[in-house]
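This is what each chain is made of:
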Amino acid sequence: MDHAAEARAVYLDLLAVAPEGERFVALLGPHEPGFWEAFQNSPEAADRAPDPMDRWSKRVIGALATQWGGSAVFPSDGPPYPPFIRWALGSGQVWQSPVGLLVHPRQGLWTSFRGAILLDHAPLLPELANPCLSCGDQPCLNACPVNALSATSYDTDACHELLSTENGADCLNMGCAARRACPVSTSYGRKADQSHFHMRAFHPA
Ligand code: B12
Ligand code: SF4
Ligand code: SF4
(Lines give C-alpha, C1' and ligand atoms only; values in the text may rest on other atoms or scores of the structure.)
(Ligands and ions follow the chains in the order given, each with its own letter.)
Protein backbone atom coordinates (compact mmCIF):
# COMPACT_ATOMS: atom_id res chain seq x y z
CA MET A 1 0.00 0.00 0.00
CA ASP A 2 1.17 3.57 -0.61
CA HIS A 3 1.35 6.15 2.17
CA ALA A 4 -1.88 7.91 1.15
CA ALA A 5 -3.79 4.60 1.28
CA GLU A 6 -2.20 3.65 4.61
CA ALA A 7 -3.27 7.01 6.06
CA ARG A 8 -6.83 6.57 4.77
CA ALA A 9 -7.01 3.16 6.41
CA VAL A 10 -6.84 5.01 9.76
CA TYR A 11 -9.19 7.82 8.61
CA LEU A 12 -6.45 10.35 7.88
CA ASP A 13 -5.86 12.19 4.61
CA LEU A 14 -2.28 12.75 3.39
CA LEU A 15 -3.01 16.35 2.43
CA ALA A 16 0.38 17.65 1.41
CA VAL A 17 4.13 16.98 1.33
CA ALA A 18 6.70 19.76 1.73
CA PRO A 19 10.50 19.90 1.85
CA GLU A 20 12.02 20.57 5.28
CA GLY A 21 15.79 21.00 5.10
CA GLU A 22 17.23 17.74 3.80
CA ARG A 23 14.03 15.91 4.73
CA PHE A 24 10.32 15.99 3.86
CA VAL A 25 7.24 16.59 5.94
CA ALA A 26 3.96 14.76 5.26
CA LEU A 27 0.91 16.66 6.57
CA LEU A 28 -2.08 14.63 7.76
CA GLY A 29 -5.65 15.80 8.36
CA PRO A 30 -8.97 14.10 9.14
CA HIS A 31 -10.39 11.99 6.32
CA GLU A 32 -14.16 12.04 5.95
CA PRO A 33 -16.25 9.99 5.82
CA GLY A 34 -15.02 7.97 8.77
CA PHE A 35 -12.70 10.16 10.84
CA TRP A 36 -15.31 11.51 13.26
CA GLU A 37 -16.87 8.07 13.87
CA ALA A 38 -13.43 6.49 14.36
CA PHE A 39 -12.54 9.15 16.90
CA GLN A 40 -15.88 8.87 18.70
CA ASN A 41 -15.45 5.10 19.05
CA SER A 42 -11.87 5.43 20.32
CA PRO A 43 -10.63 4.84 23.89
CA GLU A 44 -9.51 8.49 24.02
CA ALA A 45 -13.05 9.78 23.36
CA ALA A 46 -14.40 7.52 26.12
CA ASP A 47 -11.91 8.01 28.96
CA ARG A 48 -12.98 11.57 29.93
CA ALA A 49 -9.36 12.73 30.32
CA PRO A 50 -8.41 16.11 28.74
CA ASP A 51 -7.51 16.65 25.04
CA PRO A 52 -8.99 13.41 23.65
CA MET A 53 -8.48 14.29 19.99
CA ASP A 54 -4.87 15.32 20.49
CA ARG A 55 -4.23 12.04 22.30
CA TRP A 56 -6.00 10.09 19.50
CA SER A 57 -3.74 11.87 16.99
CA LYS A 58 -0.61 11.07 18.97
CA ARG A 59 -1.46 7.37 19.14
CA VAL A 60 -2.58 6.93 15.52
CA ILE A 61 -0.02 9.23 13.84
CA GLY A 62 2.73 7.94 16.17
CA ALA A 63 2.01 4.39 14.89
CA LEU A 64 2.05 5.58 11.24
CA ALA A 65 5.39 7.34 11.85
CA THR A 66 6.89 4.09 13.14
CA GLN A 67 5.45 2.21 10.14
CA TRP A 68 6.91 4.79 7.70
CA GLY A 69 10.30 5.10 9.45
CA GLY A 70 9.79 8.79 10.33
CA SER A 71 9.08 10.97 13.34
CA ALA A 72 5.74 12.52 14.27
CA VAL A 73 5.11 16.24 14.98
CA PHE A 74 1.86 17.77 16.26
CA PRO A 75 0.37 21.25 15.68
CA SER A 76 -0.21 21.97 19.35
CA ASP A 77 3.34 20.96 20.40
CA GLY A 78 4.34 24.43 21.62
CA PRO A 79 4.90 27.26 22.03
CA PRO A 80 7.01 27.58 20.00
CA TYR A 81 4.63 25.85 17.58
CA PRO A 82 5.88 23.74 14.69
CA PRO A 83 5.43 25.70 11.41
CA PHE A 84 2.42 23.85 9.99
CA ILE A 85 1.31 26.91 8.04
CA ARG A 86 4.74 27.40 6.41
CA TRP A 87 4.91 23.69 5.62
CA ALA A 88 1.41 23.71 4.12
CA LEU A 89 2.12 26.75 1.94
CA GLY A 90 5.45 25.24 0.83
CA SER A 91 3.76 22.06 -0.40
CA GLY A 92 2.02 23.52 -3.48
CA GLN A 93 -1.09 21.55 -2.43
CA VAL A 94 -2.53 23.95 0.14
CA TRP A 95 -3.05 27.70 -0.38
CA GLN A 96 -3.96 30.74 1.63
CA SER A 97 -7.60 31.68 0.96
CA PRO A 98 -8.94 35.26 0.65
CA VAL A 99 -9.99 35.02 4.35
CA GLY A 100 -6.54 34.00 5.57
CA LEU A 101 -7.38 30.40 6.40
CA LEU A 102 -5.68 27.64 4.48
CA VAL A 103 -7.65 25.93 1.72
CA HIS A 104 -7.16 22.45 0.22
CA PRO A 105 -8.87 21.21 -2.96
CA ARG A 106 -10.47 18.22 -1.18
CA GLN A 107 -11.35 19.83 2.15
CA GLY A 108 -11.90 23.51 1.30
CA LEU A 109 -11.74 25.75 4.36
CA TRP A 110 -12.28 22.75 6.64
CA THR A 111 -8.59 22.00 6.09
CA SER A 112 -6.90 21.16 9.36
CA PHE A 113 -3.98 19.07 10.49
CA ARG A 114 -3.92 16.33 13.09
CA GLY A 115 -0.16 15.94 12.76
CA ALA A 116 2.79 15.54 10.43
CA ILE A 117 5.52 12.97 9.83
CA LEU A 118 9.13 13.94 9.06
CA LEU A 119 10.61 11.52 6.54
CA ASP A 120 13.81 10.93 4.58
CA HIS A 121 11.77 10.22 1.47
CA ALA A 122 8.93 12.17 -0.22
CA PRO A 123 5.63 10.33 -0.73
CA LEU A 124 4.32 11.14 -4.22
CA LEU A 125 1.02 13.00 -4.45
CA PRO A 126 -0.96 14.01 -7.55
CA GLU A 127 -0.77 17.68 -8.58
CA LEU A 128 -3.68 19.79 -7.35
CA ALA A 129 -5.02 23.21 -8.37
CA ASN A 130 -5.86 26.14 -6.06
CA PRO A 131 -9.69 26.15 -5.92
CA CYS A 132 -9.83 29.89 -5.16
CA LEU A 133 -8.56 30.73 -8.65
CA SER A 134 -11.72 29.32 -10.24
CA CYS A 135 -14.15 30.44 -7.51
CA GLY A 136 -16.25 33.23 -9.04
CA ASP A 137 -18.19 34.69 -6.09
CA GLN A 138 -15.68 33.79 -3.34
CA PRO A 139 -18.51 33.39 -0.77
CA CYS A 140 -16.05 32.98 2.11
CA LEU A 141 -15.39 36.73 1.94
CA ASN A 142 -18.90 37.81 2.97
CA ALA A 143 -19.90 35.00 5.33
CA CYS A 144 -18.59 36.16 8.71
CA PRO A 145 -21.32 38.20 10.49
CA VAL A 146 -18.70 40.40 12.19
CA ASN A 147 -16.10 40.56 9.41
CA ALA A 148 -13.48 39.03 11.67
CA LEU A 149 -11.45 37.47 8.86
CA SER A 150 -9.29 39.04 6.18
CA ALA A 151 -6.30 37.93 4.12
CA THR A 152 -3.95 39.43 6.68
CA SER A 153 -5.71 39.32 10.04
CA TYR A 154 -8.07 37.42 12.29
CA ASP A 155 -9.95 39.52 14.87
CA THR A 156 -10.36 36.89 17.61
CA ASP A 157 -12.01 39.44 19.97
CA ALA A 158 -14.81 40.16 17.49
CA CYS A 159 -15.23 36.42 16.87
CA HIS A 160 -15.45 35.57 20.61
CA GLU A 161 -17.82 38.49 21.17
CA LEU A 162 -20.26 37.12 18.59
CA LEU A 163 -19.92 33.57 19.92
CA SER A 164 -20.98 34.82 23.37
CA THR A 165 -24.34 36.01 22.00
CA GLU A 166 -27.40 34.22 20.58
CA ASN A 167 -26.39 35.35 17.11
CA GLY A 168 -23.24 33.27 17.47
CA ALA A 169 -25.12 30.00 18.00
CA ASP A 170 -24.85 29.11 14.33
CA CYS A 171 -21.04 29.38 14.30
CA LEU A 172 -20.78 27.63 17.66
CA ASN A 173 -22.97 24.69 16.69
CA MET A 174 -22.20 24.30 12.99
CA GLY A 175 -18.65 25.73 12.78
CA CYS A 176 -17.23 28.98 11.45
CA ALA A 177 -19.63 30.47 8.85
CA ALA A 178 -16.75 31.50 6.58
CA ARG A 179 -15.37 27.96 6.55
CA ARG A 180 -18.86 26.59 5.84
CA ALA A 181 -19.52 29.03 2.99
CA CYS A 182 -16.77 27.61 0.78
CA PRO A 183 -18.26 25.33 -1.92
CA VAL A 184 -15.32 22.93 -1.55
CA SER A 185 -15.96 22.64 2.20
CA THR A 186 -19.55 21.63 1.42
CA SER A 187 -18.44 18.67 -0.67
CA TYR A 188 -16.03 17.37 2.01
CA GLY A 189 -18.74 15.98 4.30
CA ARG A 190 -17.52 17.15 7.70
CA LYS A 191 -20.08 16.57 10.45
CA ALA A 192 -21.45 19.54 12.42
CA ASP A 193 -20.67 17.61 15.62
CA GLN A 194 -16.96 17.75 14.85
CA SER A 195 -17.10 21.50 14.21
CA HIS A 196 -19.00 22.00 17.46
CA PHE A 197 -16.31 20.03 19.32
CA HIS A 198 -13.57 22.36 17.99
CA MET A 199 -15.58 25.55 18.44
CA ARG A 200 -16.20 24.60 22.08
CA ALA A 201 -12.46 24.12 22.58
CA PHE A 202 -11.89 27.58 21.07
CA HIS A 203 -14.80 29.23 22.90
CA PRO A 204 -15.66 27.33 26.11
CA ALA A 205 -19.10 27.99 27.61
C1 B12 B 1 -2.17 29.38 18.44
C2 B12 B 1 -3.20 28.92 17.42
C3 B12 B 1 -4.45 29.52 17.49
C4 B12 B 1 -4.78 30.69 18.39
C5 B12 B 1 -4.27 31.98 17.68
C6 B12 B 1 -3.96 33.07 18.67
C7 B12 B 1 -3.44 34.34 18.01
N8 B12 B 1 -4.06 34.85 16.97
O9 B12 B 1 -2.44 34.78 18.46
C10 B12 B 1 -6.33 30.63 18.50
C11 B12 B 1 -6.75 29.89 19.77
C12 B12 B 1 -7.07 31.93 18.44
C13 B12 B 1 -6.66 29.74 17.27
C14 B12 B 1 -7.96 29.59 16.85
C15 B12 B 1 -8.34 28.76 15.81
N16 B12 B 1 -7.48 28.04 15.04
CO17 B12 B 1 -5.55 28.01 15.27
N18 B12 B 1 -3.76 27.52 15.58
C19 B12 B 1 -2.89 27.93 16.45
C20 B12 B 1 -1.57 27.11 16.29
C21 B12 B 1 -1.58 25.98 17.34
C22 B12 B 1 -0.26 27.87 16.38
C23 B12 B 1 -0.17 29.14 15.52
C24 B12 B 1 1.07 29.93 15.90
O25 B12 B 1 1.06 30.67 16.87
N26 B12 B 1 2.13 29.76 15.11
C27 B12 B 1 3.37 30.44 15.35
C28 B12 B 1 3.36 31.83 14.68
C29 B12 B 1 4.76 32.52 14.77
O30 B12 B 1 3.10 31.63 13.26
P31 B12 B 1 1.91 32.45 12.53
O32 B12 B 1 1.72 31.85 11.17
O33 B12 B 1 2.11 33.90 12.60
O34 B12 B 1 0.65 32.07 13.46
C35 B12 B 1 -0.58 32.79 13.40
C36 B12 B 1 -1.64 32.08 12.62
O37 B12 B 1 -1.51 30.67 12.80
C38 B12 B 1 -2.91 32.64 13.25
N39 B12 B 1 -4.03 31.68 13.40
C40 B12 B 1 -4.13 30.65 14.25
N41 B12 B 1 -5.30 30.05 14.14
C42 B12 B 1 -5.97 30.73 13.20
C43 B12 B 1 -7.25 30.57 12.71
C44 B12 B 1 -7.70 31.47 11.73
C45 B12 B 1 -9.12 31.37 11.34
C46 B12 B 1 -6.84 32.44 11.15
C47 B12 B 1 -7.29 33.31 10.03
C48 B12 B 1 -5.55 32.62 11.69
C49 B12 B 1 -5.16 31.76 12.70
O50 B12 B 1 -2.56 33.07 14.58
C51 B12 B 1 -1.18 32.85 14.80
C52 B12 B 1 -0.59 33.93 15.72
O53 B12 B 1 -0.84 35.22 15.16
C54 B12 B 1 -1.76 26.56 14.84
C55 B12 B 1 -1.04 25.23 14.56
C56 B12 B 1 0.41 25.46 14.14
N57 B12 B 1 1.31 24.71 14.71
O58 B12 B 1 0.67 26.31 13.31
C59 B12 B 1 -3.28 26.44 14.74
C60 B12 B 1 -3.98 26.59 13.37
C61 B12 B 1 -3.37 27.73 12.62
N62 B12 B 1 -5.36 26.92 13.76
C63 B12 B 1 -6.24 26.36 13.02
C64 B12 B 1 -7.65 26.44 13.21
C65 B12 B 1 -8.48 25.54 12.32
C66 B12 B 1 -8.21 27.27 14.17
C67 B12 B 1 -9.74 27.44 14.42
C68 B12 B 1 -10.47 27.83 13.15
C69 B12 B 1 -10.27 26.11 15.02
C70 B12 B 1 -11.60 26.12 15.70
N71 B12 B 1 -12.70 26.13 15.01
O72 B12 B 1 -11.60 26.10 16.88
C73 B12 B 1 -9.79 28.54 15.50
C74 B12 B 1 -10.47 29.82 15.02
C75 B12 B 1 -11.91 29.86 15.42
C76 B12 B 1 -12.81 30.06 14.24
N77 B12 B 1 -13.00 31.28 13.76
O78 B12 B 1 -13.38 29.10 13.75
C79 B12 B 1 -5.62 25.54 11.91
C80 B12 B 1 -5.68 26.34 10.59
C81 B12 B 1 -6.26 25.53 9.46
C82 B12 B 1 -6.57 26.42 8.27
N83 B12 B 1 -7.50 25.93 7.43
O84 B12 B 1 -6.04 27.47 8.08
C85 B12 B 1 -4.17 25.29 12.50
C86 B12 B 1 -3.10 25.09 11.42
C87 B12 B 1 -4.27 24.04 13.44
C88 B12 B 1 -4.57 22.71 12.82
N89 B12 B 1 -4.53 21.68 13.67
O90 B12 B 1 -4.82 22.51 11.66
N91 B12 B 1 -5.55 29.13 16.78
S1 SF4 C 1 -15.07 30.11 -1.07
FE2 SF4 C 1 -13.90 30.15 -2.98
S3 SF4 C 1 -12.35 31.74 -2.64
FE4 SF4 C 1 -13.16 31.16 -0.62
S5 SF4 C 1 -11.78 29.54 0.10
FE6 SF4 C 1 -13.48 28.49 -0.93
S7 SF4 C 1 -12.74 28.22 -3.04
FE8 SF4 C 1 -11.43 29.76 -2.12
S1 SF4 D 1 -16.58 31.61 13.85
FE2 SF4 D 1 -18.19 33.01 13.12
S3 SF4 D 1 -17.62 34.99 14.03
FE4 SF4 D 1 -15.81 33.69 14.18
S5 SF4 D 1 -14.62 34.13 12.32
FE6 SF4 D 1 -15.94 32.39 11.83
S7 SF4 D 1 -17.77 33.31 10.92
FE8 SF4 D 1 -16.68 34.94 12.00
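In case you missed it, the structure is sitting above this.
Residues numbered from 1 in each chain as written. Chains lettered and ligands numbered in written order. Predicted model: local features only at pLDDT ≥ 70, side-chain atom pairs only at ≥ 80, totals over all residues. Heavy atoms only, no water.

1. A look at the site of ligand 2
Move 1: Every residue near ligand 2 is listed here: S97, P98, V103, L109, P131, C132, C135, Q138, P139, C140, C182 and P183.
Move 2: Along the lines of polarity and charge, the residues of the shell around ligand 2 split into ten nonpolar, two polar and no charged. (Near = heavy atom within 4 Å. Nonpolar A, V, L, I, M, F, W, Y, C, P; charged D, E, K, R; others polar.)

2. Some thoughts on the site of ligand 3
Move 1: Taken together, C144, P145, V146, A148, L149, C159, L162, C171, C176, A177, A178 and M199 make up all the residues around ligand 3.
Move 2: Applying the majority rule of atoms within 2 Å of the grid points places ligand 3 in the largest pocket.
Move 3: Those elements that provide at least two residues to the shell around ligand 3 are helix 6 (156-163) and helix 8 (177-181).
Move 4: Looking at side-chain class alone, the shell around ligand 3 contains twelve nonpolar, no polar and no charged residues. (1 Å grid on protein atoms, 1.4 Å probe; cavity = no way out; pocket = protein on both sides within 12 Å on 5 of 7 lines; lining within 4 Å. Sits in = over half its atoms within 2 Å of the grid points. Helix = DSSP H or I, 4+ residues; strand = E, 2+ residues; numbered from the N terminus.)

3. Description of the sheet that holds strand 2 (residues 23-30)
One key point about sheets: their strands pair by backbone hydrogen bonds, in either a parallel or an antiparallel sense.
Move 1: Reading across the sheet, the four strands line up as 1-2-6-3 and stay open at both edges, with antiparallel pairing between neighbours. This sheet does not close on itself; its edge strands, each paired only once, are strand 1 (12-20) and strand 3 (71-73). This sheet shows a mean twist of 25° between the axes of neighbouring strands, independent of strand direction.
Move 2: Across the sheet, helix 4 (residues 52-68) is in contact with strand 1, strand 2, strand 3 and strand 6 (115-119); its angle to strand 6 comes to roughly 20°. (Pairing = 2+ DSSP bridges. Axes fitted to C-alpha atoms, helices over the stretch in contact; angles between N-to-C directions. Contact = heavy atoms within 4.5 Å.)

4. Regarding unusual backbone geometry
Across the chain, the bulk of peptide bonds are trans and the bulk of non-glycine residues have phi less than zero.
Move 1: Look at the link from E32 to P33: it is a cis peptide, with omega at 0°.
Move 2: For P33, the location among the structural elements is in the loop between strand 2 and helix 2 (35-40).
Move 3: For the peptide bond that leads from P79 to P80, omega is -5°, which places it in the cis range.
Move 4: Despite not being glycine, N147 shows a phi value in the positive range, around 50°.
Move 5: As for its position among the elements, N147 is in the loop between strand 6 and helix 6.

5. As for the nonpolar core
Move 1: In terms of nonpolar packing, the biggest core is built from 19 residues, with L12, L28, L64, W68 and I117 touching the most fellow members.
Move 2: Within the residue set of this core, elements represented by two or more residues are strand 1, strand 2, helix 2, helix 4 and strand 6.
Move 3: It is helix 4 that contributes the most residues to this core, seven residues altogether.
Move 4: Among the nonpolar cores identified, the runner-up in size contains 14 residues, and A16, L27, V73 and F113 belong to it. (Core = buried A, V, L, I, M, F, W, Y, C linked by side-chain atoms within 4.5 Å. Buried < 20%, exposed > 50% of the residue type's maximum accessible area, 1.4 Å probe, protein only.)

6. Digging into helix 4
Move 1: Here helix 4 is 17 residues long and its end C-alpha atoms lie 24 Å apart, about the 24 Å a rise of 1.5 Å per residue gives.
Move 2: For helix 4, the full list of buried residues reads P52, M53, W56, S57, V60, I61, L64, A65 and W68.
Move 3: Positioned one or two residues after helix 4, G69 has a phi angle of 70°, which is positive. (Expected span 1.5 Å × (residues − 1).)

7. As for the pattern of salt bridges
Proximity of charged atoms lets side chains of opposite charge pair with each other.
Move 1: Across all of its chains, the model carries ten salt bridges by this definition.
Move 2: One salt bridge in this structure joins D13 and R8, with 3.4 Å as the shortest N-O distance.
Move 3: In this structure R8 comes out as partly exposed when scored by relative accessible area, which is 36%.
Move 4: We note a salt bridge from E37 to K191, for which the minimum N-O separation is 2.6 Å. With a gap of 154 residues between them, E37 in helix 2 and K191 in the loop between helix 9 (183-188) and helix 10 (192-202) connect regions that are remote in the sequence. (Salt bridge = Lys/Arg side-chain N within 4 Å of Asp/Glu carboxyl O.)

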